[in-house]
Amino acid sequence: MTDRYVVIGHPIAHSKSPAIHQAFAAQTGQDLRYDTLLSPLDDFAGTWQAFRAAGGRGANVTVPFKEEAWALCQQLSHRARLAGAVNTLSVTATGELLGDNTDGLGLVQDICVNAGWPLANKRVLLLGAGGAARGVIQPLLAAGVSMLWVANRSVEKAQTLAALFAQEGAVQALALRDLSQVHEPVDVIINATSASLHGERLALPSSLVHADTVAYDMMYGRDTAFLQWAREHGVQHRRDGLGMLVEQAAEAFFIWRGIRPHTQEILRALRLELK
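Asker: Can you lay out the sheet that holds strand 8 (residues 147-152) for me, pointing to particular residues and giving the numbers?
Answerer: The strand order across the open sheet formed by 6 strands is 9-8-7-10-11-12, and the pairing between neighbours is parallel. Looking at which strands have only one partner, the edges of the open sheet turn out to be strand 9 (171-175) and strand 12 (237-239). Put simply, the sheet's adjacent strands are angled 15° from each other on average, direction ignored. With 3 bridges connecting them, strand 11 (residues 214-217) and strand 12 associate as parallel partners. Following the sheet pairing, alanine 215 is matched in strand 12 by arginine 238. Along the sheet, helix 8 (residues 225-232) makes contact with strand 7 (123-127), strand 10 (188-191), strand 11 and strand 12, crossing strand 11 at roughly 165°.

Shown next, in the form of structure tokens:
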């Protein structure tokens with residue numbers, strides 16, 4: 001019997017997850033079907049429960065339901081517990097709902113393996129303190145960064161995250177307006193703000209970058225204002241978030257099926273689609 005999986009969101013028709021997971025299934029010989037599932041904004045729990053009752057095996061969760069998915073779970077992985085959000089749901093052998101968050105691992109895998117830019121002992125600046133930022137802090141610290149600054153317009157939100165993750169590694173909070181206080185250039189800048197969605201350019205000082213700084217935008221599919229800023233300031237190592245999307249999907253696939261798919265061919269195909 002074909003196992004069923006979905007990605008749940010609102011909106012959801014634009015999602016590339018079905019194409020990615022069907023490609024993973026074909027590559028690994030897994031008998032599964034993966035679809036999109038639109039949930040009403042006010043009934044995520046009912047949407048998941050109906051899918052589960054119909055025999056669904058697991059789900060990815062995207063905006064705006066990741067926090068609701070977190071609250072629904074009886075079990076949480078360490079990274080999901082810290083992230084306060086879940087993007088991967090699976091059912092345990094005892095029937096409990098297990099939540100995980102593969103976003104941060106996908107980011108780290110794309111930076112370190114796909115791009116070949118190591119994070120160990122690097123000074124990293126994370127722009128933003130919302131759900132996207134919170135979901136990647138623990139994996140970044142686990143990758144061995146020497147210092148992680150979290151910068152946000154509202155410094156209070158950044159301070160909350162710095163306190164939450166203090167036991168995981170060296171993390172400090174900053175207001176975006178105070179970035180000039182970072183007295184030396186950083187090695188990696190990651191944009192986790194929503195600015196790229198709106199074509200908004202953040203006011204970032206040029207003193208943040210050196211010749212080998214990496215600029216990474218979690219947004220994909222366009223030349224974002226952040227990546228334009230990086231190019232104008234001489235940053236040679238620039239990357240969007242398409243690889244993060246594919247790698248977080250590969251980790252979810254591994255959680256469900258126990259097989260880790262190869263991602264390079266699928267990532268190349270998606271890049272060609274977006275050109």
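Asker: Got a sec to walk through the nonpolar core? Specific residues and values, please.
Answerer: Counting residues in each nonpolar core, the largest one holds 29 residues, and the members touching the most others are Leu107, Leu126, Leu148, Val150 and Ile190. Elements with a minimum of two residues in this core: helix 5 (103-114), strand 7, helix 6 (131-142), strand 8, helix 7 (155-164), strand 10 and strand 11. For this core, the leading source of residues is helix 6, giving 5 residues. Excluding residues that lie within four positions of it along the chain, leucine 107 makes contacts with Val136, Leu140, Ile190, Tyr216, Met218 and Met244. Among the nonpolar cores identified, the runner-up in size contains 22 residues, and Met147, Leu208, Val209 and Val235 belong to it.

Asker: Which residues make up the sheet that holds strand 4 (residues 75-76), and what values go with them?
Answerer: Overall, mixed pairing links the 6 strands, which are arranged 2-1-3-5-6-4 in an open sheet. In this open sheet, the two strands that pair with only one neighbour each are strand 2 (32-38) and strand 4. Pairing geometry for strand 1 (residues 3-9) and strand 3 (residues 58-61), over 4 bridges, is parallel. Bridge pairing links valine 6 to alanine 59 in strand 3. Strands strand 1, strand 2 and strand 3 of the sheet are contacted by helix 1 (residues 17-28), whose axis makes an angle of about 170° with strand 2.

Asker: How would you summarise the environment of isoleucine 111 if you had to cite specific residues and measurements?
Answerer: With respect to the secondary-structure elements, isoleucine 111 resides in helix 5. Put simply, isoleucine 111 and glycine 29 are 82 residues apart on the chain and 28 Å apart in space, counted from C-alpha to C-alpha. Those residues in contact with isoleucine 111 that lie beyond four places of it in its chain are Gly116, Trp117, Leu119, Ile190 and Tyr216.

Asker: I'd like to hear about the packing of aromatic side chains, residue by residue, with values.
Answerer: On inspection of all chains with the given rule, the structure shows 6 aromatic pairs. On the numbers, 5.6 Å between centres and 70° between planes, the contact of phenylalanine 24 with phenylalanine 253 is edge-to-face. Taken as a pair, phenylalanine 24 in helix 1 and phenylalanine 253 in helix 9 (residues 242-257) lie far apart in primary sequence, 229 residues in all. Accessibility expressed as a relative area gives 0% for phenylalanine 24, which makes it buried. Taking relative accessible area as the criterion, phenylalanine 253 reaches 0% and is therefore assigned buried. Here the aromatic cluster, defined as three or more aromatic residues joined through ring pairs, consists of Tyr5, Tyr34 and Trp256.

Asker: I'd love a proper account of the side chain of aspartate 110, names of residues and values included.
Answerer: Inspection of the secondary structure puts aspartate 110 in helix 5. Separated by 2.9 Å, the side chains of aspartate 110 and asparagine 114 make a polar contact. Setting aside its immediate chain neighbours within four residues, aspartate 110 contacts Ala115, Tyr216, Arg239, Asp240, Gly243, Met244, Glu247 and Leu267.

Asker: Go over the pairing of strand 10, please, and point to the residues and values.
Answerer: The side chains of a regular strand alternate between the sheet's two faces. Because side chains alternate across strand 10, one face comprises the buried residues Val188 and Ile190, and the other comprises Ile189 and Asn191, equally buried. Two elements, strand 7 and strand 10, share 4 bridges in a ladder whose sense is parallel. Looking at the pairing, leucine 127 lines up with asparagine 191 of strand 10. Judged from the 4 bridges that link them, strand 10 and strand 11 form a sheet pairing that is parallel.

Asker: Give a detailed account of the pattern of salt bridges, specifying residues and quantitative values.
Answerer: Inspection of the entire model under this criterion finds 13 salt bridges. We note a salt bridge from aspartate 103 to lysine 66, for which the minimum N-O separation is 2.8 Å. Separated by 37 residues along the polypeptide, aspartate 103 in helix 5 and lysine 66 in helix 3 (residues 66-72) bring together distant segments of the chain. One exposure class covers both aspartate 103 and lysine 66, and it is buried. Aspartate 223 is paired through a salt bridge with arginine 231; the nearest N and O atoms lie 3.2 Å apart. Counted as one network, the salt bridges with shared partners bring together Arg79, Asp100, Glu251 and Arg260.

Cut-offs used in this document
Residues numbered from 1 in each chain as written. Predicted model: local features only at pLDDT ≥ 70, side-chain atom pairs only at ≥ 80, totals over all residues. Heavy atoms only, no water. Pairing = 2+ DSSP bridges. Helix = DSSP H or I, 4+ residues; strand = E, 2+ residues; numbered from the N terminus. Axes fitted to C-alpha atoms, helices over the stretch in contact; angles between N-to-C directions. Contact = heavy atoms within 4.5 Å. Core = buried A, V, L, I, M, F, W, Y, C linked by side-chain atoms within 4.5 Å. Buried < 20%, exposed > 50% of the residue type's maximum accessible area, 1.4 Å probe, protein only. Phe/Tyr/Trp six-rings, centres within 6.5 Å; stacked < 30°, edge-to-face > 60°. Polar contact = N/O pair within 3.5 Å; in protein donor to acceptor, adjacent residues only side chain to side chain. Salt bridge = Lys/Arg side-chain N within 4 Å of Asp/Glu carboxyl O.

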